[in-house]
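Descriptive structure summary
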Amino acid sequence: MSYQLISNCIRQLLEFLMLASSSSFKRINSLRQLLGVLGDKGERKSSLSVMAGNQDDDNAATDDDDDDDGQPFTPWNVSVASGHALLRSPQHNKGLAFSEKERDAHYLRGLLPPAVFTQELQEKRTLHLLRQYQVPLHRYIAMMDLQETNERLFYKLLIDNVDELLPVVYTPTVGEACQKYGSIYRRQQGLYISLKDKGKILEVLRNWPEKNIQVIVVTDGERILGLGDLGCQGMGIPVGKLSLYTALGGVRPSVCLPVTIDVGTKNEALLKDEFYIGLKQKRATGEEYNELLEEFMTAVKKNYGEKVLIQFEDFANHNAFELLSKYRSSHLVFNDDIQGTACVVLGGLLSALKLIGGTLSDHTFLFLGAGEAGTGIAELISLEILKKTKVTVEESRKKIWLVDSRGLIVSSRKDSLQHFKLPWAHDHAPVKGLLEAVKAIKPTILIGTSGVGKQFTKEVIEAMASINAKPLILALSNPTSQSECTAEEAYTWSQGHAIFASGSPFDPVMYDGKEFVPGQANNAYVFPGFGLGLIMCGAIRVHDEFLLMAAEALASQVTEEEYAKGIIYPPFKKIRKISAVIAAKVASRAYELGLASNLPRPKDLVKFAESCMYSPTYRHYR
């Protein structure tokens, strides 16, 4: 009896069993999987042949048509990926790039137009279409649609055009996307865990189709960029961050999991919005909130193991500090708002020393904003000073001053300060406003992390320029509308003397016949490479020295040619090389501290990091 006849007989038997007993699901599915492994030599190729050599994808599954008679049906997990199902799988779909041979082998004839495109031509066509959109949010939606239909083309487009498309898939456009997430929601892009799931979070995690998760980016949506509490609609942040993990750091998309924890929202407009996609209730706090987060952290470790990286994003200050402090000794955790921002800014400061002179300890720092970003940056600066000078922690902090909504943080205010502000309460007379603080402290470096726009006024910039030959101005608040000042204002008001960088991107500025190129202190410089370094060495905890190594690695990537143009951050076109260097430095320190579990240690960590990076080029299917 021929193989083909045997295969057909088994298929008919399976159909009979499906009609006879729904309780036979597990046995039938096992037989179906067996058929997929054997392969249907005369009919279709199995998913194993579809993904031969594709180490970063699990088996594909078909999408069944709706049952017209209204009867319940079982969404069978079939291991055959061909025809329409293949085109609907974003991990495997190549669109018009399927070759003639692939179209025959996988039953695609007639399902595609006859033309065969290269991936490069597809990229050129897609970029041309994107540029037709005048509204940034429309470009964002188009990019998200591409990610959900052709994953590899999405990442190749983003990698090859990172300067143009980074502001589209992340800041500043992602802020507007989160504000309107309920209206533009099309398809789930991550995992939603709400108060309704209390007691069942482990079960919810197991619903996610990918099992080998190495990076989780999680938010509770309470402090999205500078836009406030967006609740469940904050999902745009984890989705965007993980897109950058893959595009900029080379972490495989299949090991990335975006998570939003929905505990309600304080945003009255969202609670009244009929299109709001989250829980319509006031935000939970206290014990109820803590218990849900504890269950989540425990479930993640149980389901994915000790080495899964959990990155906290856009939690409110009080929760951000508490979660990082609580779990840093038991989990592999990283807070991008506190630690990632600090790394990027410290990298920019170390780089800027080539332009403004001196060592880090020679300068005086004044922050506008004393939240998680401001205090996180301040602490990392003090650790770097401590590392280089061997002074005490207390001494290293004395060069750093912070201004909050009530004025300069000084020792006479200690009784009313939150705990994370206490290290920065120095002896000084009370000072109310930022301008007065600049005149009193005489800083050489001014850093804005307030989340409130237009705070670096003309008077403030002029005061900085009168004190310093080359004042360093960092307006870090996002999105663009919340930036403390624009690049044009900084250069114009300082009469071209300022060294400027911001959180959101600004175009080059012409002043007095000279072009000034502002830097962007974007967290995307650090966290993708930082995460890659933790993954490739199998780190089990994040040590503060990893952050210092990442900042120093970033600063080392700025060239003399770039310094000549006043640039303190390297161009994003080199981001994968930058990420590999950061990953290598982080991994190296992890091995030295005994916090790495992947042994033996590779000889060349930079080359090893590059070899680990995901490639978005199409695979050839058999």
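Figured I'd write up the structure that's included with this text. Bear in mind that the values here come from a model prediction, so they are computed numbers and not experimental data.

Now for helix 24 (residues 544–555). Three- or four-residue spacings in an α-helix give side chains the same orientation, since the helix completes a turn every 3.6 residues. Relative to the 16 Å expected for 12 residues at 1.5 Å per residue, helix 24 spans 17 Å between its end C-alpha atoms, a close match to the ideal helical length. With nine of its 12 residues buried, helix 24 lies for the most part within the structure. Listed in full, the buried residues belonging to helix 24 are F546, L547, L548, M549, A550, A551, A553, L554 and A555. Each element contacted by the buried residues of helix 24 is listed here: strand 5 (332–335), helix 17 (336–356), helix 18 (372–389), helix 23 (527–537), helix 25 (560–564) and helix 26 (575–592).

The next subject is the sheet that holds strand 3 (residues 256–262). The five strands are arranged 1-3-2-4-5 in an open sheet whose pairing can be described as parallel. Of all the strands in the sheet, the pair left with one neighbour each is strand 1 (191–194) and strand 5. Taking each pair of neighbouring strands and ignoring which way they run, the sheet shows an average axis angle of 25°. Where strand 2 (residues 215–219) lies against strand 3, five bridges are found, and the strand directions are parallel. Residue pairing for strand 3: V215 is matched across the bridge by C256. Packed onto the sheet, helix 13 (residues 236–249) meets strand 2, strand 3 and strand 4 (309–312) and runs at close to 165° relative to strand 3.

Attention shifts here to unusual backbone geometry. In this structure, the amide linkage connecting N478 to the following residue, P479, adopts the cis form with an omega of -10°. Tracing the chain through its elements places P479 in the loop between strand 10 (472–475) and helix 22 (487–493). Non-glycine residue D314 carries a positive phi angle of around 55°. Relative to the elements of secondary structure, D314 occurs in the loop between strand 4 and helix 16 (317–327). One non-glycine residue with positive phi stands out, namely K454, at about 65°. Secondary-structure assignment places K454 in the loop between strand 9 (445–448) and helix 21 (458–467).

Pairing in this open sheet of seven strands is mixed, and the strands run 8-7-6-9-10-11-14 from one edge to the other. Whereas interior strands pair on both sides, the edge strands pair on one side only; in this sheet they are strand 8 (407–408) and strand 14 (519–520). Judged from the four bridges that link them, strand 10 and strand 11 (residues 499–502) form a sheet pairing that is parallel. The residue of strand 11 that forms the bridge with I473 is F500. Lying on the sheet, helix 17 is in contact with strand 6 (365–368), strand 9, strand 10 and strand 11; it crosses strand 10 at an angle near 155°.

With that out of the way, let us pick up the packing of aromatic side chains. For the structure shown, the criterion picks out 12 aromatic pairs. For the pair F154 and Y155, a centre-to-centre distance of 4.9 Å together with 80° between the ring planes defines the contact as edge-to-face. Assigned by exposure class, F154 and Y155 land together as buried. Following the ring pairs from residue to residue traces out a cluster consisting of Y491, F500, F506 and F516. Its end group placed over the ring of Y621, K94 keeps NZ or CZ at 4.9 Å from the ring centre. Residue placement shows R397 over the ring face of W424; its charged tip is 5.5 Å from the ring centre.

Turning next to the packing of helix 18 against helix 24. Between helix 18 and helix 24, the least distance of the axes is 10 Å, while the angle of their chain directions is 85°. On the basis of the axis angle, helix 18 is roughly perpendicular to helix 24. The segment helix 18 lies against helix 24, with L380, L383, E384, K387 and K388 engaging D544, L547, L548, M549 and E552.

Once that is clear, we can look at the pairing of strand 9. Every second residue of strand 9 is oriented toward a common face, with I445 and I447 on one face and L446 and G448 on the other, all of them buried. Relative to strand 10, strand 9 runs parallel, the two sharing four bridges. Note that in strand 10 the partner of G448 across the bridge is A475. The β-α-β motif built from strand 9, the intervening helix 21 and the parallel element strand 10 has right-handed crossover chirality.

Another aspect to go through is helix 9 (residues 162–169). Every buried residue of helix 9 is listed here: V162, L165, L166, V168 and V169. Each buried residue of helix 9 sits inside an arc of 160° when the element is viewed along its axis, so together they form one side. As for helix 9, its buried residues are in contact with helix 6 (119–130), helix 7 (136–147), helix 8 (151–160), helix 10 (173–179) and helix 13.

The next thing to look at is the nonpolar core. One broad trend across soluble globular proteins is that nonpolar side chains are buried collectively. In this structure, Y140, I381 and F530 are the most contacted members of the largest nonpolar core, which totals 123 residues. Other than its neighbours up to four places away in sequence, F530 contacts F334, V542, F546, L547, A550, I582 and V586. Counting residues in hydrophobic clusters, the runner-up holds 37 residues, among them L191, L202, I216 and V300.

Cut-offs and rules
- Counting from 1, residues in each chain are numbered in the order their sequence is written.
- Local features in this predicted model are restricted to residues of pLDDT 70 or higher, and side-chain atom pairs are both shown and tallied only at a pLDDT of 80 or more, whereas totals for entire chains, interfaces and linings draw on every residue.
- Calculated side-chain values reflect all of the structure's heavy atoms, with hydrogen atoms and water omitted.
- The numbering of helices and of strands both runs from the N terminus, where a helix is a DSSP run of H or I of at least 4 residues and a strand a run of E of at least 2.
- One fewer than the residue count of a helix, multiplied by 1.5 Å, yields its expected span.
- Each residue is assigned to one of three classes by its accessible area relative to the maximum for its type, calculated with a 1.4 Å probe on protein chains only: buried under 20%, partly exposed between the two thresholds, exposed over 50%.
- Pairs of residues are marked as contacts when any of their non-hydrogen atoms sit within 4.5 Å.
- Strands qualify as paired when DSSP identifies two bridges or more between them.
- Throughout, an axis means a line fitted to C-alpha atoms (over the contacting stretch in the case of helices), and angles, computed between N-to-C directions, take values from 0 to 180 degrees.
- The rule is short: rings of Phe, Tyr and Trp, with Trp giving its six-membered ring, pair when the centres are within 6.5 Å, and they are stacked under 30 degrees, edge-to-face over 60, tilted in between.
- Counting as a charge over the ring demands two things of the Lys NZ or Arg CZ atom: a distance within 6 Å of the ring centre and an angle within 35 degrees of the ring normal.
- Working definition: roughly parallel below 35 degrees, roughly antiparallel above 145 degrees, roughly perpendicular at 65 to 115 degrees, and oblique for all remaining angles.
- Classification remark: right-handed applies to a crossover when, strands pointing away from the viewer, the course from the first strand over the helix to the second runs clockwise.
- The arc in question is the one spanned by the directions pointing from the helix axis to the C-beta atoms.
- Among buried residues, those of type Ala, Val, Leu, Ile, Met, Phe, Trp, Tyr and Cys that are joined through side-chain atoms within 4.5 Å constitute a nonpolar core.

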